2 protein chains.
Amino acid sequence: MAAGDEEQGFRPLDEASLVAYIRATPALAASLGGRVDGLAVKEVGDGNLNFVYIVTSDAGSVVVKQALPYIRCVGDSWPMTRERAYFEASALREHGRLCPDHVPEVYHFDRAMSLIGMRYIRPPHIILRKGLIAGVQYPLLADHMANYMAKTLFFTSLLYNSTTDHKKQVARYCENVEMCRLTEQVVFSDPYMVSKYNRWNSPLLDKDAEAVREDDGLKLEIGELKSMFIERAQALIHGDLHTGSIMVTPDSTQVIDPEFAFYAPMGYDIGAFLGNLILAYFAQDGHADEANDRKAYKQWILKTIEESWNLFQQKFLGLWNKHKDGNGEAYLPAIYNNPELLSVVQKKYMTGLLHDSLGFGSAKMIRRIVGIAHVEDFDSIEDASKRASCECRALDCGKAILKGRRQFESIEQVIALVQSVTQD
Amino acid sequence: MAAGDEEQGFRPLDEASLVAYIRATPALAASLGGRVDGLAVKEVGDGNLNFVYIVTSDAGSVVVKQALPYIRCVGDSWPMTRERAYFEASALREHGRLCPDHVPEVYHFDRAMSLIGMRYIRPPHIILRKGLIAGVQYPLLADHMANYMAKTLFFTSLLYNSTTDHKKQVARYCENVEMCRLTEQVVFSDPYMVSKYNRWNSPLLDKDAEAVREDDGLKLEIGELKSMFIERAQALIHGDLHTGSIMVTPDSTQVIDPEFAFYAPMGYDIGAFLGNLILAYFAQDGHADEANDRKAYKQWILKTIEESWNLFQQKFLGLWNKHKDGNGEAYLPAIYNNPELLSVVQKKYMTGLLHDSLGFGSAKMIRRIVGIAHVEDFDSIEDASKRASCECRALDCGKAILKGRRQFESIEQVIALVQSVTQD
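Residues numbered from 1 in each chain as written. Chains lettered and ligands numbered in written order. Predicted model: local features only at pLDDT ≥ 70, side-chain atom pairs only at ≥ 80, totals over all residues. Heavy atoms only, no water.

Colleague: Any chance you could explain the overall build of chain A here in plain terms?
Modeller: Along its length, chain A carries 15 helices and 12 strands. Compactness check: chain A gives a C-alpha radius of gyration of 22 Å against a globular reference of 22 Å for 424 residues, within 12% of the reference. C-alpha atoms of chain A, sized along the principal axes, occupy 60 × 60 × 45 Å. Taking contacts inside chain A between residues at least 6 apart in sequence as the whole, the part at least 24 apart equals 74%. Accessible surface, chain A as shown: approximately 16,000 Å² in total, 49% of it carbon and sulfur. (Helix = DSSP H or I, 4+ residues; strand = E, 2+ residues; numbered from the N terminus. Rg over C-alpha atoms; globule rule 2.2 N^0.38 Å. Contact = heavy atoms within 4.5 Å. Areas by Shrake-Rupley, 256 points an atom, 1.4 Å probe, with all protein chains shown as cover.)

This is the structure in structure tokens:
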């Protein structure tokens, strides 16, 4: 624990002390229907960073998440500010206000304890990544995610807000800089250099990892994206919108864990989601068996990628058109009141956003294969050689998208590329 | 005066109360050699925003600048935060630390009074714009400004700083949002719409002003630049680096008035300087007479534009190479340690910066002809028709650069375009 934590009122909870904490905290007790005797507590944090408890009484439930002053999956050798919990709670509240259908409510936040109490997203919700590995189709996923991304990104951008409101929020989230730096390191830097944190399917992918570290074309592109990620305060992004941050049933989609939230390019969120769907696509051959060749499922993933972007675009432009005479200061109605002009402006904006999304999305694909944090989509393929084959194709695809992203004019062209990357 | 100003300790000074203030302020008295009897005070604020006093004793001198809570040239109908003085003092100190040869020292800053005491830039220094109108050559101008821009922009960017330091400063300067919004309005919005603040050489330029307001191609470009100006925190820019913010002698170049400073694209400063030199170029035909056809002077201006960019590029890359193994987080040495790769990265960076500079520079040209604040370069041409001819060519040139900026690969190509815009 960092020096001074105790003085600041912080203490890491365990299951016993958590129960005492809940009993002393009216907002948490209320979420349990006031029935705080005989609570069931289960630690379920399978992520990389935090401790997460599901607490149930016979009259209610709550999730309690506590940030510790280091990265859980690495240990206290990698310190990490507990203030990430503050930004997570802030982003959950802000995104929840904008898109309540897809964000859990925050019941309680204790800044000194870096502790968030929020709605328990009940079974049969599972982590989307696990559903994708199991081959489950989610017919509403594209529509829900398009809705979530369109609302959270549009309403926190200059298309909707005044510069004054925008800069105020930008300044506030600048303080989440440690999380920004963590992303810089693990997404934009480590995979392209020798780093003790990198790992890959060795020795099968040794040459591929080395090729990434020696590819000047990739390094040129990733450098531009890195600066854009840090410098460009376009909207309040989730900051870690992969398929492990989304919980689903066939009817419901819930986005969790926005502790990396800050003002950054919109394409980082869109790319994280689409890139992780592409990873899931390439993992399918590793999950195919005699009972299920996964061919239909691969088509469903591709259709979901296509629909996610196209519906996002449709909803985002719908919001833009609806609010074009509002307070947004990017495109003033007195200048852009000509429908033909506005349509050209929007087309250019969306094409730029597609290119950004493809750049960030492919960067996320690459880092999941040769960087520190891998994905269960591939890790759950037991045969190392089969796994390597899937990973190689995903890596090749990611590299091609990163280098060629400005050539794409539609998501259909991206999907054609994904389909063209065949087993060698 | 805004409500509450007096409670906050603010009172606008006049010459008499200024003397009393100086006598009570040791840092200011010291700049006058402690000789505070019989001070000579002269109000010289010829800018658009503030009151500026030159104070001299028989043993020293000082400039005292006070911001009032409105825009001086418009009056109290256009309120403007006095906090701009805080950001001006901050930027003078920061840029002065980085480039002391070209920035006046701040002796004293009083936040409550919105008052800065700084070095008096003595005669024979004059405002560069006046020198350009008079046809005076400044052989060191390009080198000095290249030096100023390279140092102030490089050392406040991610090429030199850690993300942590960068975001901290970005957050701080986000509060200068009112000045950012003023720029948005007068540079990126008003010239492209009907606005009571716009003015132009009427009726001669009526059709030209209308053409700007109806040019969809311009509006598409200006919209992108506006969002980039607000969103992209690339470096601590001066924010108003036109030829009226620079004082010169043949040996000395001093940059003043950075009250619009915030973290924004570097190209905004570079473009402001280059764009105002191009305006000066197009004004020369209006200043030509039988004694001096200004042809040689026009060539000197073009050479100065060329050298300013080329020397800036050389010095900026020199700083980058010198500090490439330092703390800057944009391009880590472990990734970009290959000279060939670094050279490709730098070439792409500088080409992007040229395009940004041309975009912002041409936007500044256009707004000086059809927006609220004009330039003395043109206004001092007495013959309205001759003035209109000069303005039209500058406007045509600005429009061509704004629309075609991504085609230019060198400053020489830009100069060829400037020379090709002939009188019609």
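Continuing now.
Colleague: Which parts of the structure should I look at to understand the pattern of salt bridges?
Modeller: Close approach of charged atoms lets side chains of opposite charge pair. For the coordinates displayed, the defined rule picks out 46 salt bridges over all chains. Across the salt bridge formed by arginine 119 of chain A and glutamate 105 of chain A, the nearest N and O atoms sit 2.3 Å from each other. Linking arginine 119 of chain A in the loop between strand E7 (115–118) and strand E8 (126–127) with glutamate 105 of chain A in the loop between helix H3 (84–98) and strand E6 (106–110), this pair joins segments that are 14 residues apart in sequence. Taking relative accessible area as the criterion, glutamate 105 of chain A reaches 41% and is therefore assigned partly exposed. A salt bridge links aspartate 285 of chain B to lysine 298 of chain B; its shortest N-O distance comes to 2.9 Å. Within this pair, whereas aspartate 285 of chain B is found in helix H10 (residues 266–287), its partner lysine 298 of chain B is found in helix H11 (residues 295–322), the two being separated by 13 residues in sequence. Under the relative-accessibility criterion, aspartate 285 of chain B is labelled partly exposed at 24%. Under the relative-accessibility criterion, lysine 298 of chain B is labelled buried at 12%. (Salt bridge = Lys/Arg side-chain N within 4 Å of Asp/Glu carboxyl O. Buried < 20%, exposed > 50% of the residue type's maximum accessible area, 1.4 Å probe, protein only.)

Colleague: Help me understand the packing of aromatic side chains in this model?
Modeller: A ring pair, where both rings are aromatic, is described by two values, the distance of the centres and the angle of the planes. All names here are of chain A. For the structure shown, the criterion picks out 44 aromatic pairs over all chains. Judged by centre distance (6.0 Å) and plane angle (55°), the ring pair of phenylalanine 154 and tyrosine 160 falls under tilted. For tyrosine 160, a relative accessible area of 32% corresponds to the partly exposed category. An angle of 85° between the planes, with centres 5.6 Å apart, marks the rings of phenylalanine 154 and phenylalanine 316 as edge-to-face. Here phenylalanine 154, found in helix H5 (residues 141–154), pairs with phenylalanine 316, found in helix H11 (residues 295–322); they are 162 residues apart in sequence, far enough to count as distant. In this pair, the class of phenylalanine 154 matches that of phenylalanine 316, namely buried. (Phe/Tyr/Trp six-rings, centres within 6.5 Å; stacked < 30°, edge-to-face > 60°.)

Colleague: Explain the domain arrangement of chain A here, please?
Modeller: A common way to state how big an interface is: give the accessible area lost once the parts meet. Residues and elements named next belong to chain A. Under the domain assignment used here, chain A contains domain 1 (15–118) and domain 2 (126–420). Between domain 1 and domain 2, the C-alpha centre-to-centre distance is 26 Å. The interface of domain 1 with domain 2 comprises 26 residues on the first partner and 32 residues on the second. Of the roughly 2,400 Å² buried between domain 1 and domain 2, counting both surfaces, carbon and sulfur atoms make up 64%. Sorting the residues of domain 1 by area buried against domain 2 places Trp78, Phe87 and His102 first, and these three jointly supply 29% of that buried surface. The interface formed by domain 1 and domain 2 includes three salt bridges. Across the pair lysine 65 and aspartate 257 runs a salt bridge whose closest N-O atoms are separated by 2.5 Å. Counting across the interface, domain 1 meets domain 2 through nine residue pairs in polar contact (both at pLDDT 80 or more). (Domains from an automatic or database assignment. Buried area = accessible area lost by both parts, 1.4 Å probe. Polar contact = N/O pair within 3.5 Å; in protein donor to acceptor, adjacent residues only side chain to side chain.)

Colleague: It is not clear to me how unusual backbone geometry should be interpreted in this structure. Could you clarify?
Modeller: A negative phi holds for most residues other than glycine; trans holds for most peptide bonds. With an omega of 10°, the peptide bond between proline 123 of chain B and proline 124 of chain B qualifies as cis. Relative to the assigned elements, proline 124 of chain B resides in the loop between strand E7 (115–118) and strand E8 (126–127). In this model, serine 114 of chain A sits at a positive phi of 55°, which is unusual for a non-glycine residue. Within the secondary structure, serine 114 of chain A sits in the loop between E6 and E7.

Colleague: Quick question: what am I supposed to make of the pairing of strand E2 (residues 51–57) of chain B here?
Modeller: Consecutive side chains of a regular strand alternate in pointing toward one face of the sheet and then the other. All names here are of chain B. Counted residue by residue, E2 has five buried out of seven residues, so it is predominantly covered. Of the strand pairs in this sheet, strand E1 (residues 40–43) and E2 are connected by four bridges, and their pairing is antiparallel. Across the sheet, the residue bridging to lysine 42 is isoleucine 54, located in E2. As paired elements, E2 and strand E3 (residues 60–66) share seven bridges and run antiparallel to each other. Counted as the bridge partner of threonine 56 is serine 61 from E3. The antiparallel hairpin formed by E2 and E3 contains two residues in its connecting segment. (Pairing = 2+ DSSP bridges.)

Colleague: Please clarify how the relation of the copies chain A and chain B should be interpreted in this entry.
Modeller: What relates the pair of chain copies is a rotation about an axis plus a shift along that axis. It takes a turn of 180° to lay chain A on chain B, together with a shift of 0.0 Å along the axis; the resulting RMSD is 0.0 Å. Read as a symmetry element, the transformation amounts to a two-fold axis. (Least-squares fit on C-alpha atoms with pLDDT ≥ 70 in both.)

Colleague: I tried to follow the interface of chain A and chain B on my own but got confused; where do I start?
Modeller: Contact residues are listed per partner, giving 43 residues for chain A and 43 residues for chain B. Between chain A and chain B, roughly 3,900 Å² of surface is buried when both sides are summed, and carbon and sulfur atoms account for 58% of that area. Considering only the surface of chain A that becomes buried against chain B, Lys167, Glu231 and Ile335 of chain A emerge as the three largest contributors, covering 18% of it. Put simply, chain A and chain B have eight salt bridges between them. Here glutamate 231 of chain A makes a salt bridge to arginine 232 of chain B, at a shortest N to O gap of 3.2 Å. Here chain A and chain B share 24 residue pairs in polar contact (both at pLDDT 80 or more) between them. Ranked by residues supplied to the side of chain A that touches chain B, first place goes to helix H9 (residues 216–231) of chain A with 11 residues. Each residue belonging to the side of chain A that touches chain B can be placed in one class, and the counts come to 23 nonpolar, seven polar and 13 charged. (Nonpolar A, V, L, I, M, F, W, Y, C, P; charged D, E, K, R; others polar.)

Colleague: What is the right way to read the environment of leucine 39 of chain A from this model?
Modeller: Residue and element names in this part refer to chain A. Relative to the elements of secondary structure, leucine 39 occurs in the loop between helix H2 (26–31) and strand E1 (40–43). Since its relative accessible area comes to 14%, leucine 39 is described here as buried. If we skip the residues at most four places from it in the chain, leucine 39 touches Val19, Ile22, Leu32, Val55, Thr56 and Ser57.

Colleague: What is the right way to look at the environment of leucine 32 of chain B in this model?
Modeller: All names here are of chain B. For leucine 32, the location among the structural elements is in the loop between helix H2 (26–31) and E1. Taking the C-alpha atoms as reference points, leucine 32 and alanine 280, 248 residues apart in sequence, are found 37 Å from one another. Apart from residues lying up to four places away in sequence, leucine 32 is in contact with Ile22, Leu39, Val55, Thr56, Ser57, Ala59, Gly60, Ser61 and Val62.

Colleague: What's the story with the sheet that holds strand E11 (residues 253–255) of chain B in this structure? I'm lost.
Modeller: Each strand in a sheet pairs with another by means of backbone hydrogen bonds, the pair being arranged parallel or else antiparallel. Residue and element names in this part refer to chain B. Within the open sheet, the three strands sit side by side as E8-E10-E11. Their pairing is antiparallel. What marks the edges here is a single partner per strand, and that holds for E8 and E11. Pairing between E8 and strand E10 (residues 246–248): two bridges, direction antiparallel. From the neighbouring strand, isoleucine 127 faces E10, where its bridge partner is methionine 247.

Colleague: What is the right way to read the environment of serine 252 of chain B from this model?
Modeller: All names here are of chain B. In this structure, serine 252 sits in the loop between E10 and E11. Serine 252 sits in the buried class, given a relative accessible area of 15%. As a C-alpha pair, serine 252 and histidine 144 span 108 residues in sequence and 8.0 Å in three-dimensional space. In contact with serine 252, other than residues within four places in its own chain, are His125, His144 and Met247. Among the polar contacts made by the side chain of serine 252, one reaches the side chain of histidine 125 at a distance of 2.6 Å.

Colleague: Honestly, the sheet that holds E7 of chain B in this entry has me stumped. Any pointers?
Modeller: Residues and elements named next belong to chain B. One open sheet accounts for five strands, arranged E1-E2-E3-E7-E6; its pairing is antiparallel. The open sheet is flanked by E1 and strand E6 (106–110), the only strands paired with a single partner. With strand direction ignored, the average angle separating the axes of adjacent strands in the sheet is 20°. Summarising the sheet, E3 and E7 pair through four bridges and their orientation is antiparallel. For valine 63, the partnering residue across the bridge sits in E7 and is methionine 118. On the sheet, helix H3 (residues 84–98) packs against E3, E6 and E7 and is oriented at approximately 155° with respect to E6. (Axes fitted to C-alpha atoms, helices over the stretch in contact; angles between N-to-C directions.)

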